[in-house]
Amino acid sequence: MKKLLALFVAALLIACASLALAEPIAIKALILPKFESGEMAGDFPGEAQYYYEAYCDGGESYDVAGCPNPLYVKDGVALCVTGMGKVNSAMTLQAILMDDRFDFSNAYIISTGCAGSAIEYGVMGDVFVITATVDYDLGHHADARELTTDVETTWFHDESYDDASHKILNQELCDKVYNLVKDVEIETTEKTRAFMAATFENADWAIRDPKVLRGTTVTGDNYWKGQHGHENALLMAKTYGCPDPYALTEMEDNAMAVVLDRLGMLDRYIIIRDSVNTDVFMNGASPESLWDPNFVDSLASESSVESADIFATAMKNNFTVGHVVVDAILNGEL
């Protein structure tokens with residue numbers, strides 16, 4: 001019995017030593033889409049599918065405590081669907097980076113997904129390299145009906161929130177990324193072009209071909225729209241001294257920037273976003289008509305009153321641009 005016990009203890013010690021010596025898996029690129037429309041491969045693509053099929057299909061899948069979805073890993077690339085909104089994305093990112101099975105010490109963190117572009121700056125189908133993030137919700141917001149002066153903006157800056165209200169990204173990295181992808185050709189649809197023309201009559205900017213741009217993103221915890229919000233976002237980017245104009249709005253990027261800043265990783269943060277709608281109401285839509293509980297619509301619908309039929313094309317545009325960046329990382333070019 002003593003001999004068996006000794007053998008068991010020896011085996012246990014060997015197993016523990018092997019675990020202790022196991023090297024964490026080195027990650028070069030962590031890709032963070034926010035949602036997927038269906039399956040991870042083979043059906044209508046959401047934010048994750050093109051990246052998953054190109055880089056993680058056939059790799060390993062890991063459950064990470066605190067993550068709503070698996071972390072997929074293959075050949076130095078990791079991908080996880082974070083969930084939508086600031087809390088979901090921030091908690092998912094924190095949980096992944098704290099998992100000691102993986103080595104993120106040299107990893108680039110890539111936020112990817114769709115967004116709404118600022119009118120007169122972007123058109124639906126554009127892809128953006130983001131150079132600064134802003135939190136739409138921090139500060140003070142007034143209901144326009146309560147204002148006593150005739151102003152377009154309803155947001156008031158409060159500097160006590162400035163440690164988290166905005167983040168200026170690594171401009172040297174942003175320049176490298178933008179220069180890599182600025183001439184990548186992307187597409188639109190004729191329906192989308194006509195949809196934009198009908199909303200913004202006689203506006204040349206609204207019917208141009210989509211292209212790769214750089215700009216500031218404004219992260220809101222609510223899916224806002226409208227002229228007051230647009231003016232607020234313009235004011236925020238100006239107030240915080242962002243290096244590029246307000247370009248689009250989404251629901252996650254500043255929250256993840258705060259996580260990365262606290263962990264000393266903000267200098268390796270890359271954001272690639274595509275536009276699938278605009279930040280104002282289009283073609284006669286109103287808050288009541290668009291968000292009434294009985295109204296059924298989807299950005300992915302070919303008859304969407306928000307995005308026409310651009311969603312699938314914009315998802316492909318995002319990957320057409322984004323895969324150039326991921327490949328550059330894997331090849332040591334960034």
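Each residue is numbered by its place in its chain's sequence as written, counting from 1. For a predicted model such as this one, the threshold for reporting local features is a pLDDT of at least 70, and the threshold for listing and counting side-chain atom pairs is 80 or more; totals across whole chains, interfaces and linings nevertheless cover every residue. Hydrogens and waters are ignored; side-chain quantities use all the structure's heavy atoms.

**A word on the confidence of the model for the chain**
Inference 1: One number per residue, pLDDT, summarises how confident the predictor is, and it ranges from 0 to 100. Overall, the predicted model of the chain reaches an average pLDDT of 92, with 94% of residues at or above 70.
Inference 2: Whether two residues are in contact is decided by their heavy atoms: any pair within 4.5 Å suffices. pLDDT under 50 marks residues 13–20. Its contacts with residues more than four places away, or in other chains, come to 0 contacts.

**Some remarks on the pattern of salt bridges**
Inference 1: Here a salt bridge means any side-chain nitrogen of Lys or Arg lying within 4 Å of a carboxyl oxygen belonging to Asp or Glu. The tally for this structure, following the rule as stated, stands at 15 salt bridges.
Inference 2: A salt bridge links arginine 101 to aspartate 99; the shortest N-O distance between them is 2.7 Å.
Inference 3: Relative accessibility thresholds used throughout: buried, under 20% of the residue-type maximum; exposed, over 50%; partly exposed, between the two (1.4 Å probe, protein chains only). Here arginine 101 falls in the partly exposed class, since its relative accessible area comes to 35%.
Inference 4: Sharing partners across several salt bridges, the network here consists of Glu250, Glu252, Asp253 and Arg273.

**Section: the packing of aromatic side chains**
Inference 1: Note on aromatic pairs: the rings of Phe, Tyr and Trp (six-membered ring only in Trp) are paired at centre separations within 6.5 Å, and the planes decide the class, stacked below 30 degrees, edge-to-face beyond 60, tilted for the rest. The tally for this structure, following the rule as stated, stands at 12 aromatic pairs.
Inference 2: An angle of 70° between the planes, with centres 5.0 Å apart, marks the rings of tyrosine 52 and tyrosine 72 as edge-to-face. Residue tyrosine 52 is found in helix α2 (residues 49–56), and its partner tyrosine 72 is found in strand β4 (residues 71–74); the two are separated by 20 residues along the sequence. We note that tyrosine 52, like tyrosine 72, is buried.
Inference 3: One aromatic cluster is present, built from ring pairs that chain together Phe35, Phe44 and Phe311.
Inference 4: In this analysis the charged atom, NZ for Lys or CZ for Arg, is taken to sit over a ring once it is within 6 Å of the ring centre and within 35 degrees of the ring normal. The aromatic ring of tyrosine 178 is capped on one face by arginine 214, whose charged end is 5.4 Å from the ring centroid. Here a strand is any run of E in DSSP of at least two residues, a helix any run of H or I of at least four, and the numbering for each starts at the N terminus.

**Considering helix α3 (residues 86–97)**
Inference 1: By this rule, a helix spans an expected 1.5 Å times one less than how many residues it contains. Its 12 residues place the ends of α3 17 Å apart at the C-alpha level, agreeing with the 16 Å of an ideal helix rising 1.5 Å per residue.
Inference 2: Within the sequence span of α3, burial applies to Lys86, Ser89, Ala90, Thr92, Leu93, Ala95, Ile96 and Leu97.
Inference 3: Packing partners of the buried residues in α3 comprise β2 (29–32), β4, β7 (108–117), β8 (127–135), β12 (212–219) and α7 (253–262).

**Some thoughts on the pairing of strand β13 (residues 246–250)**
Inference 1: Counting buried positions along β13 gives 5 out of 5 residues, so the element sits mostly inside the fold.
Inference 2: Relative to β13, β7 runs antiparallel, the two sharing 2 bridges. Bridging from a neighbouring strand, serine 117 pairs with leucine 248 of β13.
Inference 3: A crossover gets the label right-handed when its path from the first strand over the helix to the second runs clockwise, viewed with the strands pointing away from the viewer. Following the backbone out of β12, through helix α6 (residues 227–239) and into the adjacent parallel β13, one traces a crossover that is right-handed. Strands are treated as partners if at least two bridges between them are detected by DSSP.

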